[in-house]
Amino acid sequence: MKLTLYEIKKVISQKVFITILVLSLLMNGFILSYTQLNKSDNYKLSHTKSYSEALSEYSSLSTDKATQKIKDKLLAYEILSDFQVLATTDDKRMAKDSEKALKEYKKNNPQAYAEAEKMSKSGEDFSNEKQMLEDISDQLEYIQFYPDFINEMDERAERQSKAKLFNDENSFSYKNLFKTADDYRALQGTKLEIGKITNVLTVGEYKISDYLVVAIIFLMCIYLFSFERDKGLYNLVRSTRKGRLATILSKLVSLGILTFLVSVVFTLSNFAVSACLYGFDTMNVNIQSFAEFRNCTLPFTVGEYYLVFILSKASSMLAFSGIFALFFGIFTNAVLKYIACGGIVGGELALYFFISADSPLSFLKYINLFYFSDTFSLLSTYLNLNVFSFAVNILTVAFVTIIFILVVSSSIVAVIFVKCNQQLRKNKADLIIESFKKKFCKINGSTRLISGESFKFFLQNKYAVFFLMLIVFSVFNCFGQEEYTYSSKSDYIYKIHMEYLEGEVTTDKLNYIKEKENYIKKLESKLNNSEFSDGMMGVITNTIENESNALYKIKEQYNRIKMLKQQGIEACFVDENVYGVFVSDPRREWMSFAFLSLILIVSIPSINTCEYKNNVICLIRSNKNGKLKLWLTKVMIGLFSTILSFICAYIPYIIRFINTYSLKCLSYPLNVIEMFESGKTISILGALYVELISYLFVAILVFSLVTFIAVVTKNNLISMLLSTVVIFIPTVVLNRNENLRAGNIFESNFIMPMVIIITICLILAVLFITLAGKRFTGTGFTQLRRSYETGN
Amino acid sequence: MKLEIKNINKSYKKGTVKALDDFTVTLTPGVYGLLGPNGAGKSTLMNIITDNLNADSGEVLYDGENIKKLGKNYRSILGYMPQQQGLYDDFTLNRFLWYMSALKGLKKKDAKEKITSLLKTVNLTESAHKKLGGFSGGMKQRALIAQALLNDPEILILDEPTAGLDPKERIRIRNFISEIAEDKIVLISTHVVSDIEFIAKEIILLKEGKLISHNTCNSLTKEIENKVFEVEIDKENLKYFQDNYRVSNLSHSEDKIIVRIVTDTSPKDYKIQKVKPTLEDLYLYVFEGGK
């Protein structure tokens, strides 16, 4: 027990491990909330309160009463859509059909008709409420039919067993039929109620945390199994009384405990984030009350499901830890360890994703670490596997497989550790390369400082891998579309008009505007029609309002185009929404900047702290070029990394935008867009350049500040933490701030203040770099403190 | 060529710890041995000489000019081998020496010649393309010596240069240092007194930041000429000698023990033999309290 505690202590006392764990948790929560917040038409998020209220309202009624009430409400929405068709269509036949339908509704369903009239007058968008009611209605319908589904199981099994294909009593198919019926029989009489399991579904579908936990398990294996071997400490450890079996068992137990804890923490944090967004689930209803769990044969309430989910997830992660421990035990060579672990993770992932459920190889999909870790599917799906013609439930298979992996891998690792020499052997590939170099490589190199410093940063500190991953991420990020989300109906109408109008002003386009003006006039004349009901009038009024808003925006833009033409500036129609957001979008601007800051915080400190880490600072500073020139070289590498990171953070969006909307309008003047009306005349592309340059200066300021912090602290980890506090957290807090961002230059004509801010950024950047340089090259005791502390 | 270290004072922790106390010494070409226990101020002195650390007061002059003013001109004639801590583990020796050449501002052609010849000198040509991370302690030590000599320095500062070397390598390096020291100022800080005993022109004894003595090895050992004895004792008396005398060596001879002691007052009633003092005896005499 004591040994196990020491092993756990060894891992959690590693600052790098704790930092990675905390950052991973933060990143995990951030990605989960970001993906949920960016889901379009997510009424569960935008109408959390009304959704909960609706659920409690309908759950207090009997199923039949609740169904009827929702049906009436949905009918009102149907009537409302007929109002809209009648009010806006030019198609006489369509109008006639709608009119007929409305008359029947008024006669047969006066209440729903009155409700629709009320809604049409309000002019609000009811699509979210409609979706909400439809979902509740679906759940009620499911609850009504679930008993039949369960009761039919026995009969279905009997019936199907008579078919030729299933009637062999020794076959898997026959056994599977009756096992399925047996399993579902236990659910007869299960009480079903309506409720909410948004958190269960959100966390169940979210996979990023699994990948992060797997990566953390790998890191823990490095600390538990590789560190002592790499440092040659195993000879010492293994020569003691408890240095063999007891040591390896304590390592394996520690890995298990830590894996379990990390997995539980990640899963709980996912539930917590989801609960913050969507509120709490209905915990006391049976899980079978939800269609997603129709096939689940486990008799749990939602609350119990939470517990089973957390434990199942942790168990699947234990299987990963068992496999990793096995490879860390078998291979002493680092490269082979990484290849083996990477291979098993990649292989399992590929089998999980690429094998279809009906493939003859489907057992490879199901008896798979990633399927086991997909706890939501595991618990919500009913699946029996063919194990020597016996029908065995997937849950049993998963449980047995995980136990098997843990027992076998632990035993092998223990035997290897006890019996085999744990000394680090030289990699054969390394030996071959070394002998090749000895034979063919000459004494050659470069006397340029930049070459040595680049090697140190990119290859020795492994930042080449970091930037390569960043570039790959950015390249992938360049693909896809950047569609503008239309929040209101008038925006949507505007978009449809702009699809035709965008570009140069032509007579045809002016005619099109006139046509639309006539259409509005026509709608206005319908308002004088006394035959129309109040509801119809409401719909027509709304349509006129939306159409007029869209057309007003277009006409205003045309006026600006005319004014610019008078000044001799060629201007064209552009979609104000799309290009407005392209130049000025608080959310995107802050997100990109936060991302860039994070890259710089992670990468830049290492340029300046590595000499303190390995304590060669005194050696290099006592050379001719070991002070100012070395410092300037480091600054150059930092600037190069900053520019590279900047490109990776900012360019993918621009490429995606151009992919979606083409380059056509980028040369048009920005002033045709209303929000930039008061700004200086500049093309959209020109504005983009100015914006990018502004952000580049701010990025350079961030680089210089991180560099300063790194030189002062002389420690990579502390620099990262301090920079996170000083730079990243304020960036996240200021997120969505309208004023403090480059896009605002063009909106508010803030050119002078912006120039001043950029100048201040530049001055501060130079100041931080100068101060950091002075500290790096200086000869005060504080400059050497760390080297003294570690060295002497 | 002259390196003058004048009235150097340096203290840490707001003056509570005095690392160097009015330290003055003048160095001319030749090997100097810097001896002192841990915390005597050797590393502080070396960091001040190598322009890594500021002194609180005093100055270091090279040929009459302050090294602070000389700046990189001073550093270009300086070779420094620090106490071995860590190196760039992913660098091959070849890359490390080229990187150091860049830091020393050497031209490519000169660097190539110098690296090739120094690799032979330190016997590491075969390991030139191996990573430093895989080097033994002795190999790292030799790599550090090679880098210190890359710019053919006029002032060579070596901190524990022979630590971790096997006897053969130690002698080789010691002889090499002696060979090149003819036209250089070489300052060697070490705990292995035998290393400097034979090659040092002068020995500098440093204690609690103060210069205790500065003289040739012979003159210094002469100071304790009548203070080193070998005494034949019984086993039961060993504790008494260890408690009351500076014991520099112990050896067994049949039933007796021969202890070598350094003392101002020789013990009576024992079989005593006066012996020739070594630098090690002097070290013990100076640094191990007043027994």
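Remember, it's a predicted structure, so these values are computed and weren't measured experimentally.

Parameters and conventions
Residues numbered from 1 in each chain as written. Chains lettered and ligands numbered in written order. Predicted model: local features only at pLDDT ≥ 70, side-chain atom pairs only at ≥ 80, totals over all residues. Heavy atoms only, no water. Helix = DSSP H or I, 4+ residues; strand = E, 2+ residues; numbered from the N terminus. Contact = heavy atoms within 4.5 Å. Lys, Arg positive; Asp, Glu negative; His and termini not counted. Charge placed at Lys NZ, Arg CZ, Asp CG, Glu CD. Patch = residues over 30% accessible without salt bridge, like charges linked within 9 Å, V, L, I, M, F, W, Y side chains within 5 Å. Areas by Shrake-Rupley, 256 points an atom, 1.4 Å probe, with all protein chains shown as cover. Salt bridge = Lys/Arg side-chain N within 4 Å of Asp/Glu carboxyl O. Phe/Tyr/Trp six-rings, centres within 6.5 Å; stacked < 30°, edge-to-face > 60°. Buried < 20%, exposed > 50% of the residue type's maximum accessible area, 1.4 Å probe, protein only. Lys NZ or Arg CZ within 6 Å of the ring centre and 35° of its normal. Buried area = accessible area lost by both parts, 1.4 Å probe. Polar contact = N/O pair within 3.5 Å; in protein donor to acceptor, adjacent residues only side chain to side chain. Nonpolar A, V, L, I, M, F, W, Y, C, P; charged D, E, K, R; others polar. Pairing = 2+ DSSP bridges. Axes fitted to C-alpha atoms, helices over the stretch in contact; angles between N-to-C directions. Parallel < 35°, antiparallel > 145°, perpendicular 65-115°, else oblique. pLDDT = per-residue confidence, 0-100. Domains from an automatic or database assignment. Core = buried A, V, L, I, M, F, W, Y, C linked by side-chain atoms within 4.5 Å.

**Examining the overall build of chain A**
Turning to step 1, where the next piece is worked out: Along the backbone of chain A there are 35 helices and two strands.
Turning to step 2, where the next piece is worked out: By its C-alpha atoms, chain A is 100 × 90 × 45 Å across when sized along the principal axes.
Turning to step 3, where the next piece is worked out: At a minimum sequence separation of 6, the contacts of chain A that also span at least 24 residues come to 78%.
Turning to step 4, where the next piece is worked out: For chain A, the distance from the average position of its 84 positive side-chain charges to the average position of its 72 negative side-chain charges is 16 Å.

**A look at a negative patch on the surface**
Turning to step 1, where the next piece is worked out: Together, D63, E65, E154, E182 and D183 of chain B line one region of the surface with negative charge.
Turning to step 2, where the next piece is worked out: Positionally, D183 of chain B belongs in the loop between α7 (167-180) and β8 (185-189).

**Some remarks on the packing of aromatic side chains**
Residues and elements named next belong to chain A.
Turning to step 1, where the next piece is worked out: Enumeration according to the criterion identifies 57 aromatic pairs over all chains in this entry.
Turning to step 2, where the next piece is worked out: Between the aromatic rings of Y211 and F370, the centroid separation amounts to 6.1 Å while the plane-to-plane angle is 50°, which identifies the pairing as tilted. Separated by 159 residues along the polypeptide, Y211 in helix α11 (residues 208-230) and F370 in helix α17 (residues 369-373) bring together distant segments of the chain.
Turning to step 3, where the next piece is worked out: For Y211, a relative accessible area of 33% gives the class partly exposed.
Turning to step 4, where the next piece is worked out: Members of the aromatic cluster, each reached through a chain of ring pairs, are Y211, F218, F225, F320, F324, F328, Y338 and F370.
Turning to step 5, where the next piece is worked out: One Lys or Arg, R238, reaches over the ring of F417 and ends 5.9 Å from the middle of that ring.

**Looking at the interface of chain B and chain A**
Turning to step 1, where the next piece is worked out: With 51 residues of chain B at the interface, the matching set in chain A holds 43 residues.
Turning to step 2, where the next piece is worked out: For the pair chain B and chain A, the summed buried surface comes to about 4,000 Å²; carbon and sulfur atoms form 56% of the total.
Turning to step 3, where the next piece is worked out: Here chain B is connected to chain A by two salt bridges.
Turning to step 4, where the next piece is worked out: Among the salt bridges present, the one from K627 of chain A reaches D51 of chain B, with a minimum N-O distance of 3.3 Å.
Turning to step 5, where the next piece is worked out: Summed over the shared surface of chain B and chain A, the number is 18 residue pairs in polar contact (both at pLDDT 80 or more).
Turning to step 6, where the next piece is worked out: Contributions of two or more residues to the side of chain B that touches chain A are made by β1 (3-12), α1 (42-49), α3 (72-75), β6 (78-81), α4 (93-103), α5 (108-121) and α6 (137-148) of chain B.
Turning to step 7, where the next piece is worked out: Top contributing element to the side of chain B that touches chain A by residue count: α4 of chain B, with nine residues.
Turning to step 8, where the next piece is worked out: Class assignment of the residues belonging to the side of chain B that touches chain A gives a composition of 20 nonpolar, 17 polar and 14 charged.

**Digging into the pattern of salt bridges**
Turning to step 1, where the next piece is worked out: Summed over the entire model, instances satisfying the criterion amount to 39 salt bridges over all chains.
Turning to step 2, where the next piece is worked out: K634 of chain A is paired through a salt bridge with E611 of chain A; the nearest N and O atoms lie 2.8 Å apart. Note that K634 of chain A is positioned in helix α30 (residues 628-661) and E611 of chain A in helix α28 (residues 605-613), a separation of 23 residues in sequence. Of the two residues, K634 of chain A and E611 of chain A, neither departs from the other in class, the shared state being buried.
Turning to step 3, where the next piece is worked out: The closest approach of N and O atoms between D281 of chain B and R260 of chain B, which form a salt bridge, is 2.6 Å. Here D281 of chain B, found in helix α11 (residues 279-287), pairs with R260 of chain B, found in strand β13 (residues 256-262); they are 21 residues apart in sequence, far enough to count as distant.
Turning to step 4, where the next piece is worked out: Members of the salt-bridge network, linked through shared partners, are E7, K10, E228 and K251 of chain A.

**Quick notes on the sheet that holds strand β4 (residues 57-62) of chain B**
Residue and element names in this part refer to chain B.
Turning to step 1, where the next piece is worked out: Spatial ordering of the open sheet is given by β2-β1-β4-β5, a layout of four strands whose pairing is antiparallel. Two strands lie at the open edges of the sheet, namely β2 (17-27) and β5 (65-66), each paired on one side alone.
Turning to step 2, where the next piece is worked out: Inspection of the sheet shows β1 paired to β2 by seven bridges, in the antiparallel sense. Residue Y12 lies in a different strand from β2, and its bridge partner there is V17.
Turning to step 3, where the next piece is worked out: Along the sheet, α1 makes contact with β1, β2 and β4, crossing β1 at roughly 125°.

**Considering the packing of helix α27 (residues 586-603) of chain A against α28 of chain A**
All names here are of chain A.
Turning to step 1, where the next piece is worked out: Viewed as axis vectors pointing N to C, α27 and α28 meet at an angle of 15°, and their least axial separation amounts to 6 Å. The pairing of α27 with α28 is recorded here as roughly parallel in orientation. Contacts between α27 and α28 pair L600, I601, V602 and S603 from the former with P605, S606 and I607 from the latter.
Turning to step 2, where the next piece is worked out: Residue composition of the contact of α27 with α28, grouped by class: five nonpolar, two polar and no charged.

**Looking at the sheet that holds β6 of chain B**
All names here are of chain B.
Turning to step 1, where the next piece is worked out: Pairing in this open sheet of six strands is mixed, and the strands run β6-β7-β8-β3-β9-β10 from one edge to the other. With one partner strand each, in any of the chains shown, β6 and β10 (210-215) form the two edges of the open sheet. Across the sheet, the mean angle from the axis of one strand to that of its neighbour is 15°, orientation sign disregarded.
Turning to step 2, where the next piece is worked out: The sheet contacts of α6 involve β6 and β7 (155-159), and relative to β6 the element is tilted by about 170°.
Turning to step 3, where the next piece is worked out: Taken strand by strand, α11 contacts β3 (30-35), β9 (202-207) and β10, and its axis lies near 25° from that of β9.

**Regarding the confidence of the model for chain A**
Parts of the model with low pLDDT should not have their predicted coordinates read in detail.
Turning to step 1, where the next piece is worked out: Residue-level pLDDT values for chain A average 85, and 93% of them are 70 or greater.
Turning to step 2, where the next piece is worked out: Note on residues 786-792 of chain A: pLDDT is under 50 here. Beyond four places in sequence and across chains, it has 21 contacts.

**Re the domain arrangement of chain A**
By convention, interface size is frequently given as the accessible area that disappears when the constituent parts associate.
All names here are of chain A.
Turning to step 1, where the next piece is worked out: Considered domain by domain, chain A is made up of domain 1 (47-165), domain 2 (195-419), domain 3 (450-475 + 577-791) and domain 4 (489-574).
Turning to step 2, where the next piece is worked out: Listed by partner, the interface residues are 13 residues for domain 3 and 16 residues for domain 4.
Turning to step 3, where the next piece is worked out: Taken together, both faces of the contact between domain 3 and domain 4 bury some 1,100 Å²; the carbon and sulfur share is 64%.
Turning to step 4, where the next piece is worked out: The largest per-residue losses of area from domain 3 upon contact with domain 4 belong to N577, Y668 and V672, which jointly make up 48% of the total buried on that side.
Turning to step 5, where the next piece is worked out: Residue composition of the side of domain 3 that touches domain 4, by class: seven nonpolar, three polar and three charged.

**Structural notes on the nonpolar core**
Turning to step 1, where the next piece is worked out: If you look at the biggest cluster of nonpolar residues, it comprises 225 residues, and the most contacted ones within it are I136, Y579 and F582 of chain A together with Y74 and F96 of chain B.
Turning to step 2, where the next piece is worked out: No other element matches the 14 residues that helix α31 (residues 684-713) of chain A contributes to this core.
Turning to step 3, where the next piece is worked out: Contacts of Y74 of chain B, omitting those with residues within four sequence positions, involve L3, I49, Y62, I67 and I155 of chain B.
Turning to step 4, where the next piece is worked out: Counting residues in each nonpolar core, the second largest holds 52 residues, with F225, A319, L326 and Y352 of chain A among its members.

**A word on unusual backbone geometry**
Residue and element names in this part refer to chain B.
Turning to step 1, where the next piece is worked out: With a phi angle near 45°, N7 is a residue other than glycine that sits in the positive phi range.
Turning to step 2, where the next piece is worked out: Position of N7 among the secondary structure elements: in strand β1.
Turning to step 3, where the next piece is worked out: Positioned with a positive phi, N123 is a non-glycine residue whose angle comes to about 60°.
Turning to step 4, where the next piece is worked out: Relative to the helices and strands, N123 resides in the loop between α5 and α6.

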